[in-house]
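Examining the three-dimensional arrangement
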Amino acid sequence: MKIAMLAINQWGVIGVDNKLPWKPIPSDMEYFRTITAGQVVVMGRKTFESIPEKYRPLLNRTNIVLTRDRSWSHEGVDVYHDFNPTILAKMEEEYPGKDIVIIGGADLYHQVFSWKVLDALSITRVMCYDDFSGEPVHLTTRAEEKRLGLRCRYDLCTSPYHCFVEIYGAII
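**Considering helix α1 (residues 26-36)**
Along α1, the positions that sit buried rather than exposed are D28, Y31, F32, I35 and T36. Angular distribution of buried residues about the axis of α1 spans 115°; they occupy a single face of the element. Of the exposed residues in α1, the ones pointing more than 90 degrees away from its buried face are P26 and T34. A positive backbone phi angle near 75° is found at G38, which sits one or two residues after α1.

Dropping the structure here:
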C-alpha cells in the first residue's frame, strides 16, 4: 500500500526552516512509530537531515532518501536520485508485504499527490497558535482528500495542542 503521512496546522503549514513548527507531540510521534514500524519510509534529503542525528536513519524501517546530489550518501539509507510513478511501483515490488510511506517534504508530497497513486493519506491536524519565525512551508491536501474519501477521524491529543488524525482512502 502507498501511504502519505503528514502533520499540518490549520493554516496548511508543515514546516518552518526545515523543522516542525510546533513543540514535539508525544502521541503523534507514537502514532508515527506505530504506522511506520517495519515499513519503508520515503523522504527527501532535507527531511532526512531535519531528523535529529541520533534518530537517523529511522530504526526498524527501510529508509529511502531522494536527492539530486549524486555524491550524497548515509549509512543505513537507500538513496534514489530519480522518482516517478514507475519507480514507486518498483518499490512495492522490491519490498513485498511492506507499505511504502511517504513522509515528506513538501516537494515530495506535491509530486506524489499529482500522480494520484496513493492508497491512503494520514493527516495529523495540529491546532496551534504559535508565532512562527522563518519561512513557512505550506501544503494543500484537499484534492487528495477528496479523491480518497475520509474513512475515519479521531482525537489524538489535547496537550500541548489539540490534534486529531484523519485517514483517507484505505484504513491503515
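**A short note on the sheet that holds strand β7 (residues 120-127)**
As summarised here, the arrangement of the 8 strands in space is β5-β4-β3-β6-β1-β7-β10-β9, forming an open sheet in which the pairing is mixed. Looking at strand neighbours, the two that pair on one side only are β5 (77-80) and β9 (150-157), the edges of this open sheet. Going from strand to strand, the sheet's axes swing by 20° on average, the running direction of each strand aside. Sheet topology note: the strand β3 (residues 40-44)/strand β4 (residues 62-66) ladder contains 5 bridges and is parallel.

**Structural notes on the pattern of salt bridges**
Counting across every chain of the model gives 10 salt bridges. Residues R56 and E53 are paired through a salt bridge, measuring 3.9 Å at the closest nitrogen-oxygen approach. On the accessibility criterion, E53 (64% relative accessible area) is exposed. The salt bridge partner of R125 is E166, with a shortest N-O separation of 2.7 Å. Of the two residues, R125 sits in strand β7 while E166 sits in strand β10 (residues 162-169), which places them 41 residues apart along the sequence. In this structure E166 comes out as buried when scored by relative accessible area, which is 7%. Among the charged side chains, a salt-bridge network with shared partners connects R125, R142, E145, R153 and E166.

Reading guide: rules and limits
Residues numbered from 1 in each chain as written. Predicted model: local features only at pLDDT ≥ 70, side-chain atom pairs only at ≥ 80, totals over all residues. Heavy atoms only, no water. Buried < 20%, exposed > 50% of the residue type's maximum accessible area, 1.4 Å probe, protein only. Helix = DSSP H or I, 4+ residues; strand = E, 2+ residues; numbered from the N terminus. Arc of directions from axis to C-beta. Pairing = 2+ DSSP bridges. Axes fitted to C-alpha atoms, helices over the stretch in contact; angles between N-to-C directions. Salt bridge = Lys/Arg side-chain N within 4 Å of Asp/Glu carboxyl O.

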